[in-house]
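# A structural walkthrough
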Amino acid sequence: MAQDHTPRPILVELRDVHLSFGAAEVLKGIDLTVAKGDAVSIIGPSGSGKSTILRCINGLAQPHTGRITVAGTRVDTLRTEAERIALRKRVGIVFQQYNLFPHLTVLENITLAPTRILKVPRAEAEALARDLLARVRLADKVSAYPGELSGGQQQRVAIARALAMRPELVLFDEVTSALDPEMVGEVLAVIRELVRDGLTSILVTHEMRFAEEISDTIAFTENGRIVAQAPPAELFYRSGNPRIRQFIGGFQGYRDAVQHREGI
Amino acid sequence: MSAAALPARGALRAAWPWLALAAGSGLFWSFLDARLTRDLLDWLPYLASGFVMNVLISVLAMALGTLGGVVLGAMELSNARVVRAPAVAYVQLFRNAPHLVLIFATTYIFPFEIVVAGSYLPFPDWLKAVLGLAVPACAYVAEIVRGAILSVPTSQWDAARGSGLSRGQTLRWIILPQCLRRALPPWMNLYASITMSTALASLVGVHELLHAATDASTAVRRDDFTIAVYLTVLAAFFLFCFPISRLTRRLERRFAPR
């Protein structure tokens, strides 16, 4: 979390973003602002469009109307694949199901995009990959295949893979939701460190305690809209919105358990 | 090499009782009629030279079919209609055409020699048979490739494209390598089936095993020899294709989703 409170440049801005899949209207006017160096968490009930917001930001989904700006690039007007690739080089994404490439080793998973897309020399890319693996505490798994790793380890490799492109922004899409409870802590610990080091990130998460701890602001989505975006203390404890109070309240017992388990 | 040799040996072991049965009955027969055995042995090198042609045609047809099929299979999944439609049309047309008709077609459509840079190159019938079988092989391989590509979870596409890979790069580096093990068993099945279809080339005058057998039968002009020679043809195809199908079943079991 940022300690100083001088205003920082805006890195991501969504204004009135709408998106439908067929007849289903998933996003009904999303507004979201992320400053450089900020960690912003998106929370809210399932099916409220949280993951779709992330997919719009890196161009995996195309909004129908609205404006999306990422580091000066108008994402909503990108038409060609080359333009979207240029965007994705700068925006990393980590998925709920890790989605590592099963036919490649851990090292190859991490170096593939930097060497092939950014044309980083192999030795340099591998050195960076080893650094990143040390950072996610998997230095000894360089030549393992994803199938040989636990869920938590795979997810940490996926984080290293996203970081290997030296992105300006990383999107975390419910990265602990598919994990066994005992592995959630190790993944959150890695993200916590990255955020502390100033990584700009947007996290869709159900880990309320964690979101409260690391986020600069939290956005609450419901029914395809962002109902509120505010600093954690304000949203969690001083919100006048009854739906937010109810949603947070529903996690209260769970939060105590998480606190206990992780010792945070 | 050793990984591939191991199941092959297993397949041979499984085929052993059949081999023993064939050899046993052959031996029994030769006791009944030594002259028949002698004639058969005399003709065996000629028959073998025919079978080499079957193997050659099948290998070349399958190689061409695989090259074309991978491209066609990828085309079938394109977002662009202009790319997808011709591939789908080709596959539907030639997957549903009898191999013999296609062999006749390629035999009579192509000239017996072609002019390349001023010199005449012969275009022999066996090469036309290769094309005749490569045409349907392309269609079958395309379907195998298409199925294998679709069996890779879409989340792999998301992950690759999220890393900045283009559609083509994703296909080449992420999706197709994962297709390999899924596509191998049906691909080998197809190879066995194409090999059996090479006998059709005899009908357009290619000197292959069945053609050689007919030659032998016409030359010797004895009923018992004719029967023996065609049984030999059957045995040759069986001994070539049976280990392949056994190996395929083994691979299928090993690659079955767990």
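Residues numbered from 1 in each chain as written. Chains lettered and ligands numbered in written order. Predicted model: local features only at pLDDT ≥ 70, side-chain atom pairs only at ≥ 80, totals over all residues. Heavy atoms only, no water.

### Observations concerning the overall build of chain A
Within chain A one finds 10 helices and 10 strands. For chain A, whose C-alpha radius of gyration is 18 Å, the value lies close to the compact-globule estimate of 18 Å for 264 residues. Along the three orthogonal principal directions, the C-alpha set of chain A runs to about 55 × 50 × 40 Å. With 264 residues in all, chain A has 56% of them scored as buried. Excluding contacts between residues fewer than 6 apart, the proportion of contacts in chain A whose partners are at least 24 apart in sequence is 67%. Per element, the accessible surface of chain A, about 11100 Å² overall, is 50% carbon and sulfur. Considering chain A, the positive charge centre built from 32 side chains and the negative charge centre built from 31 side chains are found 3 Å apart. (Helix = DSSP H or I, 4+ residues; strand = E, 2+ residues; numbered from the N terminus. Rg over C-alpha atoms; globule rule 2.2 N^0.38 Å. Buried < 20%, exposed > 50% of the residue type's maximum accessible area, 1.4 Å probe, protein only. Contact = heavy atoms within 4.5 Å. Areas by Shrake-Rupley, 256 points an atom, 1.4 Å probe, with all protein chains shown as cover. Lys, Arg positive; Asp, Glu negative; His and termini not counted. Charge placed at Lys NZ, Arg CZ, Asp CG, Glu CD.)

### Details of the confidence of the model for chain A
Confidence along chain A averages 88 in pLDDT terms, with 93% of residues attaining 70 or more. Per-element mean pLDDT across chain A ranges from 52 in helix α10 (residues 252-262) of chain A up to 96 in helix α3 (residues 106-116) of chain A. (pLDDT = per-residue confidence, 0-100.)

### Digging into the interface of chain A and chain B
With 20 residues of chain A at the interface, the matching set in chain B holds 17 residues. The contact between chain A and chain B buries some 1600 Å² in all, and 60% of this surface belongs to carbon and sulfur atoms. Sorting the residues of chain A by area buried against chain B places Arg88, Phe101 and His103 of chain A first, and these three jointly supply 28% of that buried surface. At the junction of chain A with chain B, the criterion picks out two salt bridges. Across the pair arginine 161 of chain B and glutamate 81 of chain A runs a salt bridge whose closest N-O atoms are separated by 2.5 Å. (Buried area = accessible area lost by both parts, 1.4 Å probe. Salt bridge = Lys/Arg side-chain N within 4 Å of Asp/Glu carboxyl O.)

### Some remarks on the pairing of strand β7 (residues 169-173) of chain A
Residue and element names in this part refer to chain A. Counting buried residues in β7 gives five out of five residues, a clear majority hidden from the surface. The alternating pattern of β7 places Leu169, Leu171 and Asp173 and Val170 and Phe172 on opposite faces, both of which are buried. Note that strand β6 (residues 91-94) and β7 share four bridges and pair parallel. Directly across from isoleucine 93, in β7, lies its bridge partner leucine 171. As defined by bridge partners, β7 adjoins strand β8 (residues 201-204) across four bridges and the pair is classed as parallel. (Pairing = 2+ DSSP bridges.)

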